[in-house]
Amino acid sequence: MVNSHMESSNEYTHLIRSIRDLIKRNWVITINHIYREANFAADFLTNYALELPLGLHLFSIPPPGVVSFIANDLYGITYSRYVLP
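Source: prediction; values computed, not measured.

Reading the values: the criteria
- Residues numbered from 1 in each chain as written.
- Predicted model: local features only at pLDDT ≥ 70, side-chain atom pairs only at ≥ 80, totals over all residues.
- Heavy atoms only, no water.
- pLDDT = per-residue confidence, 0-100.
- Helix = DSSP H or I, 4+ residues; strand = E, 2+ residues; numbered from the N terminus.
- Axes fitted to C-alpha atoms, helices over the stretch in contact; angles between N-to-C directions.
- Parallel < 35°, antiparallel > 145°, perpendicular 65-115°, else oblique.
- Contact = heavy atoms within 4.5 Å.
- Patch = residues over 30% accessible without salt bridge, like charges linked within 9 Å, V, L, I, M, F, W, Y side chains within 5 Å.
- Areas by Shrake-Rupley, 256 points an atom, 1.4 Å probe, with all protein chains shown as cover.
- Salt bridge = Lys/Arg side-chain N within 4 Å of Asp/Glu carboxyl O.
- Buried < 20%, exposed > 50% of the residue type's maximum accessible area, 1.4 Å probe, protein only.
- Arc of directions from axis to C-beta.
- Phe/Tyr/Trp six-rings, centres within 6.5 Å; stacked < 30°, edge-to-face > 60°.

**With respect to the confidence of the model for the chain**
- Within the chain, residue pLDDT values average 83, and 91% of them lie at 70 or more.
- Per-element confidence in the chain ranges from a low mean pLDDT of 85 for helix α1 (residues 13-23) to a high of 89 for helix α2 (residues 40-49).

**Quick notes on the environment of Asn32**
- Inspection of the secondary structure assignment puts Asn32 in the loop between α1 and α2.
- The sequence separation of Asn32 and Asn10 amounts to 22 residues, and the corresponding C-alpha distance is 23 Å.

**Details of the packing of α2 against helix α3 (residues 67-74)**
- At a minimum axis separation of 8 Å, α2 and α3 run at an interaxial angle of 155°. When the interaxial angle is binned, α2 and α3 end up roughly antiparallel. The segment α2 lies against α3, with Phe40, Ala41 and Phe44 engaging Phe69, Ile70 and Asp73.

**Structural notes on a nonpolar patch on the surface**
- Taken together, the side chains of Leu22, Trp27, Ile29 and Ile31 define a hydrophobic patch exposed on the protein surface, amounting to about 380 Å² of accessible area.
- On the accessibility criterion, Trp27 (45% relative accessible area) is partly exposed.

**A short note on α1**
- Every buried residue of α1 is listed here: Thr13, Ile16 and Arg20. Seen end-on, α1 carries its buried residues on one side only, within an arc spanning 65°.

**Things to note about the packing of aromatic side chains**
- Applying the stated rule across the entire model yields four aromatic pairs.
- Ring plane angle 15° and centroid distance 6.0 Å describe the contact between Phe44 and Tyr48, whose orientation is recorded as stacked. Of this pair, Phe44 and Tyr48 are both found in helix α2, four residues apart, which corresponds to roughly one turn of the helix.
- Three or more aromatic residues joined by ring pairs make a cluster, and in this case those are Phe40, Phe44, Tyr48, Phe59 and Phe69.

Structure follows, in structure tokens:
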């Protein structure tokens, strides 16, 4: 969505435009896709954020449910994913 040149109209349009504006600044930036199996904690937080109102949210403790994923990431526990050729 962020790297695509297609314009869409949904509830995240403003956020995507803001990200694109940041990318256009005079700096070097790289965006890489990482499969959710490589980072369950980030995947969990992404889905968790969809349930919250748009804006900045700071947590003094991790949200319920993410601690086990953080531990798995910390200990390097990996999960395989089958990707079609």
